[in-house]
Amino acid sequence: MKPFTKLTAVAAPLPMANVDTDKIIPARFLKTIERSGLGVHLFDTLRYDANGSERPGFVLNQEPYRNAQILIAHENFGCGSSREHAPWALLDFGIRCVIAPDFADIFHNNCFKNGILPVRLPRAIIDQLMEDAKLGANSRVTIDLEAQEVVRPNGERIHFEIDPFRKKLLLEGLDDIDQTLQHAAAIDAYEAKTKRERSFIPGIEVCP
Amino acid sequence: MAKTLFDKVWDAHVVERLPDGTCVLYIDRHLVHEVTSPQAFEGLRAAGRRVRRPDATIAVVDHNVPTTDRQAGIKEADSRLQVETLERNVAAFGVPYIPLLDDRQGIVHIIGPEEGISLPGMTIVCGDSHTSTHGALGSLAFGIGTSEVEHVLATQTLLQRPAKNMNVAVEGSLPFGVTAKDIVLAIIGHIGTAGGTGHVIEYTGSAIRGLDMAGRMTVCNMSIEAGARAGMIAPDETTFEYVRGRPMAPKGEALERAIAWWRTLPSDPAAAYDKLVQIDAATIAPMVTWGTSPEAVAPITGAVPDPREVADEAKRAQMERMLEYMALRPGQKLAELAVDVVFIGSCTNGRIEDIRAAAAVARGRKVAPGVRALVVPGSGLVKRQAEAEGLDRVLTEAGFEWREAGCSMCLGMNPDKLTPGQRCASTSNRNFEGRQGPGGRTHLLSPAMAAAAAVTGRLADVRELAR
Ligand code: SF4
């Protein structure tokens, strides 16, 4: 996983609430067996018309937002399904950070697993960042994960909260599985204990 | 200290508590399907890892599969590739698998409980948000992403922080014509799609206890639509009766010991919840959604709301966008909206009880001219049971299509799709834009209400048909 340390980039304003995972990547694009290549379908229905042509009004079809690496949105971003294709599509497009008042739980979790930083900030601050973002290329935003700060184009620093464990994994680009396997002995011990105490639970077997 | 059902199941599965409060949580059951697993198996292969507990894992195909003419195979190349990839992966990693042409094949959340794979007190995960369904048994069941699927395959654990406890109490008896689906739609309408964020909802109260297992599963299924991490219902005699005799459930003396443990799981009377919501069952009517979010819901006797009455600017804009997409005008009566398609099925309402409810309305009636109505059983066994009861004939004689088990028109991922502009009365769980096919317009409702829509050709109050 690519570590996330500090990012200075164009931020795209997406002033919508309840941006669901079907909006981020419609179900018909989930039929892939790979992680990459979904970026062209990010926000497909918002981004393209029925003939597949770009809708000029959609923010990611406009300069400089085609190169945005930060997304600013309203409440409950990422609600809906558990599909990790949503963060994969964001990442494949180039988005490394989403800033919103709050996020749906599974999406929030999935971001961290893919090196995307979801930042929660109060709506009043989001409104300011949204205005900043509308200024385009002259208005690059900096995200400093170490310091836990969003730096506005005018230099103002805004602190954000993040779970220290997740922060560490993101900063170091660590794989969760390696992390967990450090507890292999404890997992073995738990399995041995429950095998005794809950021996009434059978294993799964599909009889022919 | 007094504990909730969630606390008890959680605590029984903590392998290790890390200093910052994150837990290594043991997973009892891992359900795998073709859409969210290929990249996870790929990751295992790349890292040279194996599946730690094939005997706690089960795979099934459901999202991509056609629901007619199965013998002919899967026509769409990309769908076929996902199914074949799963088959290759389960063979290579030794994971138990229910193949497409097996009678027991079906939607992963239908067959988990049906086969006795999902049991009370367990931790259950699947790369699908509607895993919350299995919480109806008194288990902690939640959806995970593909990275976590890989994590569970490799370690049989997840790194998790405990959720907060929320109690949604539905007291009283349900009025005539009101079902589990109406309860959960009413709850979502009341607390909103983010109302449960960060929480596990425990559904309590006499109206919940009075539901059969199918109804409890319908309620827990849509917990995710209320933003909750999971939904749970305390196991009781109804639960134990349901589990008894299921193929992969404990039997005989083992079952008695299991039940003895399950009886200790319900929340202690003094247990505290972080959030409490109370709903009077008597106030719930048959519900139907009018917008593109499950919280955009109203009683069938109601009308399309007026954005001009919404003070918050962002909310007003959202409502306007919804009405535009749904092609609705403020003040239009919901019971006057003509439908093109009716879909009865999905993990929310694809169980035998749901098909019985639909057939009861359809019996002796005809699908309205110009309406296409599909009934898609949740599993091959549900289909067989319905056929044994003659429900397939009742439905086909009324003009419904009777199909093979799968996710079908719940999501536009297989051949069963809406075309742009079609209006659909659907028993599924999501009414997002394009969910049932690009440009499709979804109204969520109960199976009986869906059948009523089919025979009247419009959204209709099922209570009037019954009179
Ligand atoms: S029936 Fe619908 S909600 Fe349920 S698992 Fe299938 S696609 Fe998901």
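Up top is the structure these notes are about.
This report concerns the structure included in the present document. None of the values given here were measured: they were computed from a predicted structure. (Residues numbered from 1 in each chain as written. Chains lettered and ligands numbered in written order. Predicted model: local features only at pLDDT ≥ 70, side-chain atom pairs only at ≥ 80, totals over all residues. Heavy atoms only, no water.)

### With respect to the overall build of chain B
Our working definition: In DSSP terms, a helix is any run of H or I states spanning at least four residues, a strand is any run of E spanning at least two, and both are numbered starting from the N terminus. Taken over C-alpha atoms, the radius of gyration is set against a globule rule of 2.2 Å times the number of residues to the power 0.38. Exposure categories follow from relative accessible area, calculated using a 1.4 Å probe and restricted to protein chains: below 20% of the type maximum is buried, above 50% is exposed, and the middle band is partly exposed. Only heavy atoms matter for contacts: two residues are in contact if any of them lie within 4.5 Å across the pair. Working definition of accessibility: Shrake-Rupley area with a 1.4 Å probe, residue cover restricted to the visible protein chains. In summary, the charge assignment counts Lys and Arg as positive and Asp and Glu as negative, without counting His or the chain termini. A charge is said to be at NZ when it belongs to Lys, at CZ for Arg, at CG for Asp and at CD for Glu.
Within chain B, the secondary structure is distributed over 17 helices and 19 strands. For 467 residues, the compact-globule estimate of 2.2 N^0.38 gives 23 Å, and the C-alpha radius of gyration of chain B, at 21 Å, lies within 12% of that figure. By its C-alpha atoms, chain B is 55 × 55 × 45 Å across when sized along the principal axes. Every one of the 467 residues in chain B was classed for burial, and the buried ones make up 67%. Taking all contacts inside chain B whose residues are at least 6 apart in sequence as the whole, residues at least 24 apart take part in 76%. Accessible surface computed for chain B: about 15,200 Å², of which carbon and sulfur atoms make up 51%. Distance between charge centroids for chain B: 1 Å, based on 50 positive and 55 negative side chains.

### Considering the sheet that holds strand S18 (residues 423–426) of chain B
All names here are of chain B. Put simply, the rule reads: Only strands joined by at least two bridges in the DSSP assignment are considered to pair.
Taken in spatial order, the five strands line up as S17-S16-S15-S18-S19 in an open sheet, and their pairing is parallel. Edge positions in the sheet fall to strand S17 (401–402) and strand S19 (441–444), since each has one partner strand and no second. Note: strand S15 (residues 341–344) against S18, three bridges, orientation parallel. Its bridge partner being in S18, Val 341 is matched across the sheet by Cys 424.

### Here's the deal with the site of the ligand
Quick note on the threshold: Neighbouring residues are identified by heavy atoms, a residue being near a molecule or strand if any of them is within 4 Å of it. When residues are grouped by polarity, Ala, Val, Leu, Ile, Met, Phe, Trp, Tyr, Cys and Pro land in nonpolar, Asp, Glu, Lys and Arg in charged, and all others, Gly among them, in polar.
Close contacts around the ligand come from His63(B), Ile107(B), His109(B), Asp128(B), His130(B), Ser346(B), Cys347(B), Cys407(B), Cys410(B), Leu411(B), Asn429(B) and Arg435(B), and that covers them all. Here the shell around the ligand is built from residues that sort into five nonpolar, five polar and two charged.

### Things to note about helix H8 (residues 184–197) of chain A
Quick reminder: α-helices carry 3.6 residues per turn. Residues three or four places apart thus point the same way. Selection rule: The span one expects for a helix is its residue count, reduced by one, times 1.5 Å. Arc definition: it is the arc formed by the directions from the helix axis to the C-beta atoms.
Across its 14 residues, H8(A) extends 20 Å between first and last C-alpha, which sits within 8% of the 20 Å expected from 1.5 Å per residue. Buried within H8(A) are the following residues: Ile187(A), Tyr190(A), Glu191(A) and Thr194(A). All buried residues of H8(A) project into a common sector of 100° when viewed along the axis, lining one side. Residues of H8(A) that are exposed and point more than 90 degrees away from the buried face comprise Ala185(A) and Arg196(A). Buried residues along H8(A) sit against helix H7 (176–181) of chain A together with strand S1 (14–17), strand S2 (23–26), helix H5 (146–155) and strand S8 (157–160) of chain B.

### Quick word on the interface of chain B and chain A
Formally: By definition, the buried area sums, over both parts, the 1.4 Å-probe accessible area that each loses when the two are put together. We count a salt bridge whenever a side-chain nitrogen from Lys or Arg sits within 4 Å of a carboxyl oxygen from Asp or Glu. N or O atoms within 3.5 Å of each other form a polar contact, as long as, within protein, one can give a hydrogen and the other can take it, and as long as residues adjacent in sequence are counted only when both atoms are side-chain atoms.
Between chain B and chain A, the contact holds 83 residues from the first and 55 residues from the second. Buried area between chain B and chain A, summed over both chains or domains, comes out near 5,600 Å², and the portion from carbon and sulfur atoms is 57%. When residues of chain B are sorted by the area they lose upon contact with chain A, Gln39(B), Arg49(B) and Arg52(B) head the list and together hold 10% of the total. Connecting chain B to chain A are nine salt bridges. Linking chain B to chain A there are 27 residue pairs in polar contact (both at pLDDT 80 or more). Per-element tally for the side of chain B that touches chain A: the top contributor is H5(B), with seven residues. A per-class count over the side of chain B that touches chain A returns 34 nonpolar, 27 polar and 22 charged.

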